[in-house]
Amino acid sequence: MPPDPIDQPHSEKTGIIYATTAYFLWAVMPLYWALLTSIPAIEVAIHRVLWCAICVFALSALRGRLSHLMAIVRNPKLVGTLAITSILITTNWAVFIYCVESHQLVAASLGYFITPLISIALGVTLLGERVTRTKLVAIALATLAVIWQAVEVGTVPWVSLVLAFSFGIYGYLRKQTPVDSLDGLTVETCLLFPVTLVLVVFWGVTGTGAIPYAGVK
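Residues numbered from 1 in each chain as written. Predicted model: local features only at pLDDT ≥ 70, side-chain atom pairs only at ≥ 80, totals over all residues. Heavy atoms only, no water.

Caption draft 1: Quick look at the overall build of the chain. Of the regular secondary structure elements, the chain holds 8 helices and 0 strands. Each helix (α) and strand (β) of the chain, taken in turn from the N terminus, gives the series α-α-α-α-α-α-α-α. In summary, the chain has a C-alpha radius of gyration of 19 Å against a globular reference of 17 Å for 217 residues, a match within 12%. C-alpha extents for the chain along the principal axes are approximately 60 × 50 × 25 Å. Within the chain, residue pairs in contact and separated by at least 24 positions form 82% of the contacts whose partners lie at least 6 positions apart. Entry remark: accessible area of the chain is about 12,700 Å², with carbon and sulfur atoms responsible for 73%. Where the 12 positive side-chain charges of the chain centre and where its 10 negative ones centre are 6 Å apart. (Helix = DSSP H or I, 4+ residues; strand = E, 2+ residues; numbered from the N terminus. Rg over C-alpha atoms; globule rule 2.2 N^0.38 Å. Contact = heavy atoms within 4.5 Å. Areas by Shrake-Rupley, 256 points an atom, 1.4 Å probe, with all protein chains shown as cover. Lys, Arg positive; Asp, Glu negative; His and termini not counted. Charge placed at Lys NZ, Arg CZ, Asp CG, Glu CD.)

Caption draft 2: Spotlight on the pattern of salt bridges. Here the structure, examined in full by the defined rule, presents 4 salt bridges. Between Asp180 and Arg63 there is a salt bridge whose closest N-O contact spans 3.2 Å. In this pair, Asp180 is assigned in the loop between α7 (158-175) and α8 (181-206) and Arg63 in the loop between α2 (41-62) and α3 (66-73), connecting sequence segments 117 residues apart. Its relative accessible area of 33% is what places Arg63 among the partly exposed residues. Note that Arg174 and Glu188 form a salt bridge whose closest N and O atoms lie 3.2 Å from each other. Taken together, the positions of Arg174 in helix α7 and Glu188 in helix α8 put the pair 14 residues apart, joining distant regions of the chain. A residue is classified by how much of its surface remains accessible, and Glu188, at 1% relative accessible area, is buried. (Salt bridge = Lys/Arg side-chain N within 4 Å of Asp/Glu carboxyl O. Buried < 20%, exposed > 50% of the residue type's maximum accessible area, 1.4 Å probe, protein only.)

Caption draft 3: Representation of helix α4 (residues 76-101) in the model. Counted at 1.5 Å a residue, the expected span for α4 with its 26 residues is 38 Å, and the 37 Å between its end C-alpha atoms agrees. N-cap assignment for α4: the residue whose side-chain oxygen lies 3.1 Å from the backbone N of Lys77 is Asn75. Positive backbone phi, approximately 60°, marks His103, located one or two places after α4. (Expected span 1.5 Å × (residues − 1). Polar contact = N/O pair within 3.5 Å; in protein donor to acceptor, adjacent residues only side chain to side chain.)

Caption draft 4: Representation of the nonpolar core in the model. Trp33, Phe96, Ile97, Cys99 and Leu163 are the most contacted members of the largest nonpolar core, which has 17 residues in total. Residue assignment for this core shows that the elements contributing at least two residues are α2, α4, α5 (105-127) and α7. Here this core gets 6 residues from one element, more than from any other, and that element is α4. Those residues within four positions of Leu163 in sequence are excluded, and the remaining contacts are Asn92, Val95, Phe96, Cys99, Ala108, Gly111, Tyr112 and Thr115. The next biggest cluster of nonpolar side chains, apart from the first, holds 10 residues, and it includes Val56, Leu88, Tyr170 and Leu173. (Core = buried A, V, L, I, M, F, W, Y, C linked by side-chain atoms within 4.5 Å.)

Caption draft 5: Representation of a nonpolar patch on the surface. A cluster of nonpolar side chains, namely Val137, Leu141, Leu144, Ile147 and Val151, defines an oily patch on the protein surface of about 500 Å² accessible area. Looking at the secondary structure, you find Leu141 in helix α6 (residues 133-153). For Leu141, a relative accessible area of 54% translates into the label exposed. (Patch = residues over 30% accessible without salt bridge, like charges linked within 9 Å, V, L, I, M, F, W, Y side chains within 5 Å.)

Caption draft 6: Spotlight on the packing of α4 against α8. Their axes nearest at 9 Å, the elements α4 and α8 cross at an angle of 80°. Overall, the two elements α4 and α8 adopt an arrangement that is roughly perpendicular. Listed contacts from α8 to Val79, Leu82, Ala83, Thr85, Ser86, Ile89, Thr90 and Trp93 of α4 are Gly184, Leu185, Val187, Glu188, Leu191 and Leu192. (Axes fitted to C-alpha atoms, helices over the stretch in contact; angles between N-to-C directions. Parallel < 35°, antiparallel > 145°, perpendicular 65-115°, else oblique.)

Caption draft 7: Fine view of α7. In this model α7 runs 26 Å from its N-terminal to its C-terminal C-alpha over 18 residues, within 8% of the 26 Å that 1.5 Å per residue would give. Taken together, the buried positions of α7 are Val159, Ser160, Leu163, Ala164, Ser166, Phe167, Gly168, Tyr170, Leu173 and Arg174. Those residues of α7 that are buried are in contact with α1 (12-33), α4, α5 and α8.

If you want it as structure tokens, here you go:
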């Protein structure tokens with residue numbers, strides 16, 4: 001597939017701004033998920049994928065990106081990679097919501113502390129990226145912070161490892177996939193859309209789902 005101007009790499013400064021904004025949003029997001037603690041985490045995650053697929057597809061249509069989406073789905077290699085990343089990001093979303101519901105935000109934060117270290121390791125070992133001395137100092141400090149937090153917690157919970165590795169590997173695979181970030185998310189969620197739709201309809205018809213019956217129970 002030919003290069004897409006939207007897919008061209010951004011500067012390191014832009015990446016830092018994006019990362020900082022993302023981590024800020026992740027920091028406040030538990031306040032929202034905490035309002036849904038009466039609903040099973042997996043059901044919330046399924047709805048998140050379903051409605052995300054609908055919203056990003058509509059946004060892609062407004063951006064005039066439908067032809068690009070068609071080019072992606074006609075490429076078996078891209079679809080295969082995005083199928084894997086769709087599972088990784090859905091797993092990450094579900095586990096994070098589970099952490100909020102089970103009051104394991106410290107474990108979740110530990111996982112996201114570990115994530116950058118995994119991303120750096122993947123970048124250096126698999127992508128051949130160079131690390132300056134200044135960055136080595138920053139990595140060392142981050143590693144010490146992770147060790148300190150793990151000592152405070154007493155262990156490294158499984159949820160921390162799942163969050164760290166799922167998002168770290170997700171980032172690596174997406175970096176290797178030459179598609180626009182929103183196009184990629186659209187394909188990822190649309191690949192899972194049929195499954196999530198079936199589940200939501202089944203729960204609604206049988207009355208076994210919390211949504212839309214949360215206010216009745």
